[in-house]
Amino acid sequence: MQDLDNYRKELLTIDLVWANVFAFLILVPMLFVFGLPYYLIWYSNADFVSFIDNIAPIKALYGGLFIFGILILGIIVHELIHGIIWARYAKNGFKSIKFGVIWKMLTPYCHCKEPLNVRQYILGAVAPAVILGFIPALLAILSGNLGLLIFGIFFSMAAGGDFLVIKLIMKESKDNLVQDHPSEIGCYIYRKVK
């Protein structure tokens, strides 16, 4: 653990309800950024009715279970990505990482118990959006795979809370440290005392 005697600590948090609402609000720009190019390139394949028909009647139960399983697995991987990146920079590695769920909002989380510098924290915060959201959506645009597009857009939305936290700390000095809040969406910022 770093010596924090020369730092001033401030709590920065985001309302959990707002974070969940924001995740749905970013659907519109995600549809514009990823959905519009997909549609313009693959418009003949962008038939949502046929997509639903492919998983309908007999396949509906298995298709629904498959999609639910993919989403649950993706959510777990999302939190693992945070943990892997942050553990790489934490002095105590994975011993400093904690996973859990805020049950009243059904919100899983990954928490790093020790402060990281601003750049390291932002890398760990944005990584799931890039790996599970942006990259699959871009691959969908290149390949015409509608399922991959939906996956990418969903996991871009799932990073809504991460984007809000990144916005809170983006303008912080590189000398400042960020420590994840253990039970809320947000962090403690440690600003170096001059």
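See the structure above.
Numbering of residues starts from 1 in each chain and follows the order in which that chain's sequence is written. For this predicted model, a pLDDT threshold of at least 70 governs which residues receive local features, and a threshold of 80 or more governs which side-chain atom pairs are given and counted, while totals over whole chains, interfaces and linings are taken from all residues. Hydrogens and waters are ignored; side-chain quantities use all the structure's heavy atoms.

1. Quick word on a nonpolar patch on the surface
Part 1 of the argument: Candidates for patches are residues over 30% relative accessible area with no salt bridge; among them, like charges are joined within 9 Å and nonpolar side chains (Val, Leu, Ile, Met, Phe, Trp, Tyr) within 5 Å. For every accessible area listed, the method is Shrake-Rupley and the probe measures 1.4 Å; residues are considered covered only by the protein chains on display. Should a side-chain nitrogen of Lys or Arg be within 4 Å of a carboxyl oxygen of Asp or Glu, the pair is scored as a salt bridge. A contiguous nonpolar patch, built from Phe-32, Val-33, Leu-36, Tyr-39, Leu-40, Ile-41 and Tyr-43 and spanning about 770 Å² of accessible area, is present on the exposed surface.
Part 2 of the argument: Helix and strand labels come from DSSP, where a helix needs a run of H or I of at least four residues and a strand needs a run of E of at least two; each type is numbered from the N terminus. Its location among the elements puts Leu-40 in helix H2 (residues 27-42).
Part 3 of the argument: Relative accessibility under 20% of the residue-type maximum defines a buried residue, over 50% an exposed one, and the middle range a partly exposed one, all with a 1.4 Å probe and only protein chains included. Among the residues examined, Leu-40 registers a relative accessible area of 59% and is labelled exposed.

2. Observations concerning the packing of aromatic side chains
Part 1 of the argument: Aromatic pairing here means that ring centres of Phe, Tyr or Trp (its six-membered ring) are within 6.5 Å. Orientation follows from the plane angle: under 30 degrees is stacked, over 60 is edge-to-face, and everything else is tilted. Counting across every chain of the model gives six aromatic pairs.
Part 2 of the argument: Ring centres of Trp-86 and Tyr-121 lie 4.9 Å apart, and the angle between their planes is 20°; on these two criteria the pair is classed as stacked. Note that Trp-86 is positioned in helix H4 (residues 59-89) and Tyr-121 in helix H5 (residues 118-143), a separation of 35 residues in sequence.
Part 3 of the argument: Residue Tyr-121 is classed as buried on the basis of its relative accessible area, which comes to 4%.
Part 4 of the argument: Summarising the aromatic geometry, the rings of Phe-134 and Phe-163 are spaced 6.3 Å apart at their centres and angled 10° between planes, so their arrangement reads as stacked. One end of the pair, Phe-134, is in helix H5; the other, Phe-163, is in helix H7 (residues 160-169), with 29 residues separating them in the sequence.
Part 5 of the argument: Within the aromatic cluster, the residues linked to one another by ring pairs are Phe-34, Phe-134 and Phe-163.
Part 6 of the argument: It is Lys-9 that lies over the ring of Tyr-188; its NZ or CZ is 4.2 Å from the centre. For a Lys NZ or an Arg CZ to count as sitting over a ring, it must be within 6 Å of the ring centre and within 35 degrees of the ring normal.

3. Comments concerning the sheet that holds strand S6 (residues 185-192)
Part 1 of the argument: Taking strand neighbours across the sheet as the criterion, the four strands line up as S1-S6-S5-S4 in an open arrangement whose pairing is antiparallel. Two strands lie at the open edges of the sheet, namely strand S1 (7-14) and strand S4 (116-117), each paired on one side alone.
Part 2 of the argument: Strands are labelled as partners when DSSP assigns at least two bridges between them. Two elements, S4 and strand S5 (residues 177-180), share two bridges in a ladder whose sense is antiparallel. Bridging from a neighbouring strand, Asn-117 pairs with Leu-177 of S5.

4. Here we look at the environment of Leu-116
Part 1 of the argument: Among the secondary structure elements, Leu-116 is positioned in strand S4.
Part 2 of the argument: Aside from chain neighbours lying at most four places away, what touches Leu-116 is Trp-86, Tyr-89, Ala-90, Tyr-121, Asn-176, Leu-177 and Val-178. Only heavy atoms matter for contacts: two residues are in contact if any of them lie within 4.5 Å across the pair.

5. Description of the side chain of Ser-156
Part 1 of the argument: Its place among the elements puts Ser-156 in helix H6 (residues 146-157).
Part 2 of the argument: Look at Ser-156 and you get buried, because its relative accessible area is 0%.
Part 3 of the argument: Separated by 2.8 Å, the side chain of Ser-156 and the backbone oxygen of Gly-152 make a polar contact.
Part 4 of the argument: With near-sequence residues (within four places) excluded, Ser-156 lies in contact with Ile-26, Met-30, Phe-34, Gly-133, Phe-134 and Phe-163. Within 3.5 Å is the distance limit for a polar contact, defined as a pair of N or O atoms, with the added protein rule that one can donate a hydrogen and the other accept it, and that residues adjacent in sequence qualify only through two side-chain atoms.

6. Details of H2
Part 1 of the argument: The sharpest bend along H2 comes to roughly 35°, located at Gly-35, with the proline Pro-37 sitting one to four residues further on.
Part 2 of the argument: Listing the buried residues of H2 in full gives Met-30, Phe-34, Gly-35 and Tyr-38.
Part 3 of the argument: Packed against the buried residues of H2 are H5, H6 and H7. In this analysis the local bend is the angle between axes fitted, respectively, to the seven residues ending at and the seven residues starting at the residue.

7. So, the environment of Ile-150
Part 1 of the argument: Following the sequence through the fold, Ile-150 ends up in helix H6.
Part 2 of the argument: Taking the C-alpha atoms as reference, Ile-150 lies 8.7 Å from Ala-140; in sequence the two are 10 residues apart.

8. With respect to the nonpolar core
Part 1 of the argument: In these notes, a set of buried Ala, Val, Leu, Ile, Met, Phe, Trp, Tyr and Cys residues joined through side-chain atoms within 4.5 Å is what counts as a nonpolar core. Among the nonpolar cores identified, the biggest contains 37 residues, and Phe-34, Trp-86, Tyr-121, Leu-149, Ile-169, Val-178 and Cys-187 are the most heavily contacted of them.
Part 2 of the argument: It is H5 that provides the largest number of residues to this core, a total of seven residues.

9. Re the pattern of salt bridges
Part 1 of the argument: Applying the stated criterion to the full structure yields three salt bridges.
Part 2 of the argument: Its salt-bridge partner being Arg-191, residue Glu-10 comes within 2.2 Å of it at the nearest N-O pair. Placement of Glu-10 in strand S1 and of Arg-191 in strand S6 is noted, with a sequence separation of 181 residues between them.
Part 3 of the argument: Ionic pairing is found between Asp-175 and Lys-174, a salt bridge with its closest N-O pair at 3.8 Å.
Part 4 of the argument: For Asp-175, a relative accessible area of 38% corresponds to the partly exposed category.
Part 5 of the argument: Of the residues examined, Lys-174 reaches a relative accessible area of 69% and is grouped as exposed.

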